[in-house]
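Examining the three-dimensional arrangement
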Amino acid sequence: MTISAAKLSLATCWSKPNGYRQVLLIAFPLILSTGSWSIQQFVDRMFLSWYSPDALAAAMPTGILSFTIVCFFIGTAGYASTFVAQYTGAGRHARVGPAMWQGIYFSLIGGVVTFLAMFFAEPIFQFIGHEESVRELEIKYWRYLTIGGFFPICMAAVSSFFNGRGNTFPVMWASLLATCLNMVLNYLLIFGNFGLPEMGISGAGLSTVISQIFNLSLLLLMTFMGNNNAKYKTISGWKFDKDLFLRLIRYGLPNGIHFFLDIAAFSAFILIVGRLGAAQLAATNIALNVSMLAFMPMIGMGITVSILVGQSLGGNRPGMAKRATLSALQMAFVYMGCIACLYLIVPQLFIYPFSAQADLVEFQEIKILAITVLKFLAAWTLLDSVAIVISSALKGAGDTRFIMFAMLGISITFLILPTYIALSLIHI
């Protein structure tokens, strides 16, 4: 292929419907909004690495374990965005608001379950078996995260109103503002700056909850304002719709289970590795936190694929659904390929924010271990980005059960069992 022919092909892929340009227009705000969650977690752990190694070691397993519970409800409530996309594609705008409200009702169930998990902090972390100094901090952090579990679930439900219609900028702005608030609160509450109490890891937990409440409030305000109710019934469609709710359960529950299994596999990996010691746990936390910073934008790309596939199929245009999937797949592969190369070539670049204000002698072992883990993660991130796009396309088409069973088999076979067996051999 000549250079001119290649340029023409690239220009065509960019400009055609559901090509690179249209995918990016929808994906860019979602990438920033999902990426902002990673930034919050990254900043949390960066500050905690400056505060103490034990606080850093406790943050990641507690955060990901609480998110494991929450993500099941997020995956189910957030599936309302697929309904919204399909109703939008079919021109049935009056069904958009009721679809969102069924996700909100499901989020109430999730909020109750996560709140009850607060009372099981001590037996959970005693069973996990991390060092006592780390375990005490894990329990403190856990209580804040589980009390506020309702808010990220409800955010997923309310965001479906914007995401499903392809109007993703409001979600982006709300997420970015909440991220800024979280960063400021972390600086104030973790270290006790400007006369506020020094709360350590509890300050990180409280900052997270406050920023999530702020984020949800902004989303609700934008959902109910203007002519949204007149066109989409965002307020008047509040009534519980049994048939629509059961449809959300039928199609959304497998999506929630898939999301749960995906995160649970990493929870198991981190918790098992944590039995090696605080340094190994802290190093794994850093490497996975860096990985999540690059990985979470792919969640935004996946949501975009689900939206475009749902709208295309709702409008009876299967060819457009295929084109959107291929466009997103190619862009995701290029993006994560570049990230994987950076992990291999300059891993120190990603570790530096954690070591900048930490004790250099105390942090040296953690740094060496984290760089090793990053090199292994390079291959995983590339393959997982492809899996996210393909599974998201299937979700947009309403096929969530196959993804659920596939994720179950892959997680147990290739992540949990090998890690458990390897660590068992080490202790023999």
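So, here is what we can say about the structure in this document. For every chain, the first residue of the written sequence is number 1, and numbering continues from 1 along that sequence. In view of the model being predicted, local features appear only for residues whose pLDDT reaches at least 70, and side-chain atom pairs are presented and counted only at 80 or more, with totals across whole chains, interfaces and linings using the full set of residues. Hydrogens and water molecules were not included; the side-chain quantities draw on all heavy atoms of the structure.

**Focus: the overall build of the protein**
Put simply, the test is: Only DSSP runs of H or I covering at least 4 residues are called helices, and only runs of E covering at least 2 are called strands; the numbering of each starts at the N terminus. Burial classification: accessible surface area is computed with a 1.4 Å probe over protein chains only, and a residue below 20% of its type maximum counts as buried, one above 50% as exposed, and the rest as partly exposed. In this description, contact between two residues means that some pair of their heavy atoms is separated by no more than 4.5 Å. Per-residue accessibility takes into account occlusion by the displayed protein chains alone, with areas from the Shrake-Rupley method and a 1.4 Å probe.
Looking only at helices and strands, the protein features 17 helices and zero strands. By residue count, 55% of the 428 residues in the protein fall in the buried class. Restricting to contacts in the protein with at least 6 residues of sequence separation, those with at least 24 account for 83%. When the accessible area of the protein is evaluated, it comes to approximately 18600 Å², of which 71% is carbon and sulfur surface.

**Overview of the pattern of salt bridges**
Rule in force here: By convention in these notes, a salt bridge is any Lys or Arg side-chain nitrogen within 4 Å of a carboxyl oxygen on Asp or Glu.
Following the criterion strictly, the structure yields two salt bridges and no others. Across the pair Asp241 and Arg95 runs a salt bridge, and its minimum N-O distance is 3.5 Å. Here the residue Asp241 occupies a position in the loop between α11 (228-232) and α12 (242-273), and Arg95 occupies one in the loop between α4 (80-90) and α5 (96-117), the gap between them amounting to 146 residues.

**Observations regarding the packing of aromatic side chains**
Short version of the rule: Stacked, tilted and edge-to-face pairs are distinguished by plane angle, under 30 degrees for stacked and over 60 for edge-to-face with tilted covering the rest, among Phe, Tyr and Trp rings (Trp via its six-membered ring) whose centres lie within 6.5 Å.
Evaluated as defined, the whole model comprises 17 aromatic pairs. Taking the centre distance of 6.4 Å and the plane angle of 50° together, the rings of Phe47 and Tyr187 count as tilted. Taken together, the positions of Phe47 in helix α2 (residues 20-51) and Tyr187 in helix α9 (residues 169-191) put the pair 140 residues apart, joining distant regions of the chain. Classification of Phe47 by relative accessible area gives buried; the value is 9%. In this structure Tyr187 comes out as partly exposed when scored by relative accessible area, which is 39%. A centroid spacing of 4.9 Å and a plane angle of 75° characterise the contact between Phe72 and Phe73, whose relative ring orientation is edge-to-face. Taken together, the ring pairs in this structure connect Phe72, Phe73, Trp101, Tyr105, Phe106, Phe224, Phe240 and Phe245 into an aromatic cluster.

**A word on α9**
As a reminder of what qualifies: Here, expected helix span is obtained from the residue count minus one, scaled by 1.5 Å.
Taking 1.5 Å per residue as the helical rise, α9 with its 23 residues ought to reach 33 Å, and the 33 Å between its terminal C-alpha atoms agrees with that figure. Once α9 finishes, Gly192 follows within two positions and takes phi at roughly 75°, a positive value.

**Some words on helix α7 (residues 132-147)**
With 16 residues, α7 extends 23 Å from end C-alpha to end C-alpha; this agrees with the ideal 22 Å at 1.5 Å per step. For α7, every residue scored as buried is listed here: Val134, Leu137, Glu138, Ile139, Tyr141, Trp142, Leu145 and Thr146.

**Notes on the nonpolar core**
For clarity, the cut-off: By convention a nonpolar core is built from buried Ala, Val, Leu, Ile, Met, Phe, Trp, Tyr and Cys residues, the set being connected through side-chain atoms within 4.5 Å.
Among the nonpolar cores identified, the biggest contains 63 residues, and Ile286, Val290, Met301, Tyr343 and Leu374 are the most heavily contacted of them. Contributing elements (two or more residues each) for this core: α2, α3 (53-77), α7, α10 (201-224), α13 (278-314), α14 (318-345), α15 (347-355) and α16 (360-396). No other element matches the 17 residues that α13 contributes to this core. The next biggest cluster of nonpolar side chains, apart from the first, holds 39 residues, and it includes Ile64, Tyr79, Cys154 and Val158.

**With respect to the packing of α9 against α10**
The relative placement of two packed helices is expressed as an angle between their axes plus a distance between the axes. Rule in force here: Lines fitted to C-alpha atoms define the axes here, with helix axes fitted over just the stretch in contact, and angles between the N-to-C directions of these axes take values from 0 to 180 degrees. An angle counts as roughly parallel when it lies under 35 degrees, as roughly antiparallel when it exceeds 145, as roughly perpendicular when it falls between 65 and 115, and as oblique in every other case. Put simply, a crossing is left-handed when the front helix is turned counterclockwise from the back one by less than a right angle, and right-handed when it is turned clockwise. Note on residue categories: nonpolar means Ala, Val, Leu, Ile, Met, Phe, Trp, Tyr, Cys or Pro, charged means Asp, Glu, Lys or Arg, and polar means any other residue, Gly included.
Where α9 meets α10, the closest approach of the two axes is 8 Å, and the angle between their N-to-C directions is 155°. As far as their axial angle goes, α10 and α9 are roughly antiparallel. In the packing of α9 onto α10, the handedness of the crossing is right-handed. Where α9 approaches α10, its residues Pro170, Val171, Ala174, Ser175, Leu177, Ala178, Leu181, Asn182, Leu185, Asn186, Leu189 and Ile190 are matched on the opposing element by Gly203, Ala204, Leu206, Ser207, Thr208, Ile210, Ser211, Phe214, Asn215, Leu218, Leu219 and Met222. Within the contact of α9 with α10, the residues separate by chemical class into 16 nonpolar, eight polar and no charged.

**Here we look at a nonpolar patch on the surface**
Threshold: Residues qualify for a patch when their relative accessible area is over 30% and they have no salt bridge, like charges being joined within 9 Å and the nonpolar side chains of Val, Leu, Ile, Met, Phe, Trp and Tyr within 5 Å.
On the surface, Val112, Phe115, Leu116, Phe119, Phe120 and Ile147 cluster together into a nonpolar patch covering about 590 Å² of accessible area. At three residues, α5 tops the list of elements feeding residues into the nonpolar patch.

**A short note on the state of the cysteines**
Basically, it comes down to this: We call a pair of cysteine sulfur atoms a disulfide whenever their separation is within 2.5 Å.
A complete count under the given rule lists zero disulfides for this structure. In this structure Cys341 is a free cysteine whose sulfur lies 6.6 Å from that of Cys338, the closest cysteine sulfur available. For Cys341, a relative accessible area of 42% gives the class partly exposed.

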